[in-house]
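# Fold and geometry: a report
Here is how the chains run, residue by residue.
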Amino acid sequence: MISNIPRRATGWAAALRLVSGTVVATLLALSATVPAAHAASPNFIAFESGHVRPIAASPDGTRLFAVNTPNNTLDIFNITPTGLQLFARVPVGLEPVAVAARTDTEIWVVNHLSDSVSVVSLDGAPRVVRTLLVGDEPRDIVFAGSPTRAFVTTAHRGQHLTDPSITGVPGAGDPGLTTEGIGRADVWVFNPASLGSALGGVPLRIMSFFADTPRALAVSPDRNTVYVAAFKSGNQTSSINEELVCDGFKVNVPCIIKSKIMPGGRLGPETNAEGKPAPKTGLLVKYNRDKKRWEDELGRNWNNGVDFTLPDKDVFAVDANKLTEKVAFPHVGTVLFNMAVNPVSGAVYVSNTEANNMVRFEGPGHYTGKTLQGKLALSRVTVIANGQVSPRHLNKHIDYSKLAGQAGFDYSAKDHSLATPLDMTVSRDGRTLYVAAFGSSRIGVFATSEIEADTFNPRSASSHYITVSGGGPSGLVLDEARNRLYVMTRFDNAIKVINLSSRTEVAKAMLNNPEPSHIVNGRPFLYDAVRSSANGEASCASCHTFGDADDLAWDLGDPDGVVTKSPIPGKFVDKIQFNVAKVIFGVQNKINGSDDPKDFHPMKGPMVTQTLRGMVNSGAMHWRGDRATGVFGTSAKDATLSFKNFAVAFSGLLGNTRDMTEAEMQTFADFQLAVMMPPNPIRNLDNSLTTAQKRGSDFYFGDRPSDGFKIIINGESITPNQNCNGCHTVDPAKGMYGTGGDQSFEGISQIVKVPQLRNMYTKIGRFGSPAIPFSSAIGTGHLGDQVRGYGFVHDGTSDTLAHFFTVRVFTPTLNSGFPLINPNGMRRDVSDFMHAMDSDLAPIVGQQVTLSPANAAAAAARVNLLIQRARTPFVSKELGGAVTECDLVAQVVEGGVRRGYVYEVASSSFVAGDGSRRTDAALRALGSTAGQEVTYTCTPPGSGKRIAYNS
């Protein structure tokens, strides 16, 4: 794993110091020792970006274009009578996930980590001629309209959204991270014939849609309508804070909380199978569209506990000529992956999964008679036609009432199942739909008439499915002239050529793959539903989408489980401090169900899915850290052991016939713990803080304790008061970004582990929160339509960070808590800082620009910035310790030959693979000539030479 790569100190490492969580260096002669630091850095960083449109054909059908995600290249193949022949390989941005051909010789590539689009020309030597800068984490691209426009999906954030070069573009500017009721799904629209002279191009418009981050795009047959799909669109579920649930288990006895009537107590059961009392928890609710109210599983009305509405708009139809939204289609699915349009009828097919998170509990279900086991998320294709939205379950043959191991369970079901449907394509006559089942290593083949009418039978339809070798089919291109289907397989990074008559593989093209063996070997454990579940539908990726989160809460307690003990140290978990804190917090309920701060009760209530990225230095896993103890042992902070202890989830949750072995879980851990989080898209590219973020940082790391209860006896404090950093530790040298791995009692009904803070910006979008007894805030009032059902903290019930900072633990006092003067202002500042939290990678990583005759003047300052950041010291444990913010790579075609350069700090020059050098000025001079465009990219430290010389 990356974390096991030996680290080597450098001569100037001691000169670094951490101030306010930002790596700051005194002015040094950087040229002496920076390159040596990179010797300890890994030369490959895994991000696990999900493919969207990974392959595409040229309009004339003679070439196939493929994004080579781990290699950061566009691989171009000639289509031959026998298969595919590599024609060219063009370096693009980091983590390319989608490609589209505008013409036979102009190809556009979406770079997920670089926040960019590479425009590749095949006129002359294949090369990038322009790099368009867009919003955060772009995913898909299509061309439509008259004249032709390019449409690119991005999140509603990112440094370029506010760049001065696009001031005046409709939709550009402040993303409104703390503004309620706005759309957060952006589509950047460009005129390919006039990209502008700004450093990253000038879009015609940035359109925003009322959903969270978008993913897929599709185009109508007449090219006049573009369809935009949200990614994690939700399913109109949300969570009720535990403070708003009446005490006890009398479900039909209402109570009044903060002047509002709540319908009753906890759902129960009161104990687990051992008879040990369960902790008080919140609960999940779903909006009943017929009754217009939020209901729990008993049908109780929780409207007084939810101060917002969720319209659940999923797919948007856009006029490609007027650039206006025409109609929005709701309730298409929970996680939407891809779209395809029937070229004859115009029907839209949306591959998706529908989460089953309103069903509680994992485990065998003996004690309560209910379990979610094996039925986490239904794999579906939803049909949008004639204004109607019609979901179709691809695995309707599965009998979920029978669990693996029970009498009557159908073990043959998995032979007919399709898991995690991604890319799709439709035959020219509109009669056949092909669906890439990423988690099944199969291509589903359906008559579109049967999909639309829901008359298909998976047991008989499966005889037409196509099995592909390699695993993880993620992209499809139909070549009917040659009776072929081209399939991208992500697990082995290859393209398979399928004969449609025999449904067999007749050729393949293996893509260059720099991934270490532990990445390749471990990836299938995340996605492979055939390996993971007895019915062939469930995998870890059912909830951890592409190794991240699904942005939902689940109640995955196990009433048949037993109470275990926590080995994790922490704050207020010492018995004396715990009892004092309970008095201070005014807590009446028994914490953890038993009032023992060291108990892990198996029933824990709703908790939002946590990301599986960037976990290697965060200690024990789950919100409570309860995987610190498990089948393979107990350790307070061993991330690898904690990850391996998830083995029991394969049978207890996914519904497998067995748990994974320790060797299998080690293989899985070696992969997943090596996957890193992306750079922070909120923080300035020069790694500086805004004025508000700086004020928040100063408080976060300052002398004043942020917890507001300081009791002094005989001149000494008996409460372990801390500043924010005292609990949410930021220490890049130790790989800590918000957690030191300890637990803490904060007045809620369970002891939780202090969580990391690097992805707070991804949780924005739920606004509206009722008053709760544990908070000093009066509540927001009803704030109307929002795009997310879950926000911050373990159960997603806090709408904003600033609102969370009003709970009692942060109460302003004379000597602790938020300031007595303008506490809300400081809450907003700390919130701003946490949105821009430090991370393993500097924000410049991935950023790029192409210097060309079209933008030479405008791009000069960006090249200066990239060079500056490549010289700036940075500390990151996972990158090897003391490094610089990035390795700067430059790619250029000289005399028809592509050459890659790496910036060398010692000589302030760019060094080619053969050792030859160019000065900065000489390299820029090349870019001023058409055909010699120079693309600069800030790569992760340690990766520069591999990307420059070997891609």
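Residues numbered from 1 in each chain as written. Predicted model: local features only at pLDDT ≥ 70, side-chain atom pairs only at ≥ 80, totals over all residues. Heavy atoms only, no water.

All right, on to the packing of helix H11 (residues 691-700) against helix H14 (residues 823-835) then. Between H11 and H14, the least distance of the axes is 7 Å, while the angle of their chain directions is 95 degrees. Put simply, H11 runs roughly perpendicular to H14. From H11, Ala692, Gln693, Arg695, Gly696, Ser697, Phe699 and Tyr700 reach across to H14, where they touch Met826, Asp829, Val830, Asp832, Phe833 and Met834. A per-class count over the contact of H11 with H14 returns seven nonpolar, three polar and three charged. (Axes fitted to C-alpha atoms, helices over the stretch in contact; angles between N-to-C directions. Helix = DSSP H or I, 4+ residues; strand = E, 2+ residues; numbered from the N terminus. Parallel < 35°, antiparallel > 145°, perpendicular 65-115°, else oblique. Contact = heavy atoms within 4.5 Å. Nonpolar A, V, L, I, M, F, W, Y, C, P; charged D, E, K, R; others polar.)

Turning our attention to the pairing of strand E33 (residues 484-489). Across the six residues of E33, six count as buried, placing the element largely inside the fold. Judged from the six bridges that link them, strand E32 (residues 473-479) and E33 form a sheet pairing that is antiparallel. Across the sheet, the residue bridging to Gly475 is Met488, located in E33. Linking E32 to E33, which pair antiparallel, is a turn of four residues; within it Asn483 sits at a positive phi near 60 degrees. With six bridges connecting them, E33 and strand E34 (residues 494-499) associate as antiparallel partners. (Buried < 20%, exposed > 50% of the residue type's maximum accessible area, 1.4 Å probe, protein only. Pairing = 2+ DSSP bridges.)

Right, let's get into the packing of aromatic side chains. Tallying each qualifying case throughout the model produces 30 aromatic pairs. Geometrically, the ring pair formed by Phe438 and Phe491 is edge-to-face, given 5.5 Å between the ring centres and 70 degrees between the ring planes. Placement of Phe438 in the loop between strand E29 (432-437) and strand E30 (442-447) and of Phe491 in the loop between E33 and E34 is noted, with a sequence separation of 53 residues between them. For Phe438, a relative accessible area of 3% translates into the label buried. With a relative accessible area of 6%, Phe491 lands in the buried category. The aromatic ring of Phe818 is capped on one face by Arg827, whose charged end is 5.5 Å from the ring centroid. (Phe/Tyr/Trp six-rings, centres within 6.5 Å; stacked < 30°, edge-to-face > 60°. Lys NZ or Arg CZ within 6 Å of the ring centre and 35° of its normal.)

A cluster of nonpolar side chains, Leu814, Leu820 and Ile821, forms an exposed patch at the surface whose accessible area comes to about 400 Å². If you trace the backbone, Leu820 turns up in the loop between helix H13 (801-804) and H14. (Patch = residues over 30% accessible without salt bridge, like charges linked within 9 Å, V, L, I, M, F, W, Y side chains within 5 Å. Areas by Shrake-Rupley, 256 points an atom, 1.4 Å probe, with all protein chains shown as cover. Salt bridge = Lys/Arg side-chain N within 4 Å of Asp/Glu carboxyl O.)

On the basis of which strands lie adjacent, the open sheet formed by four strands has the order E11-E12-E13-E14 and antiparallel pairing. Each of the sheet's edge strands pairs with one partner strand only, and the pair in question is strand E11 (141-144) and strand E14 (205-209). Averaged over all pairs of adjacent strands, the angle between their axes in this sheet comes to 25 degrees, without regard to strand direction. In terms of strand pairing, strand E12 (residues 149-155) meets strand E13 (residues 185-190) through six bridges, oriented antiparallel. Within E13, the residue paired with Phe151 across the bridge is Val189.

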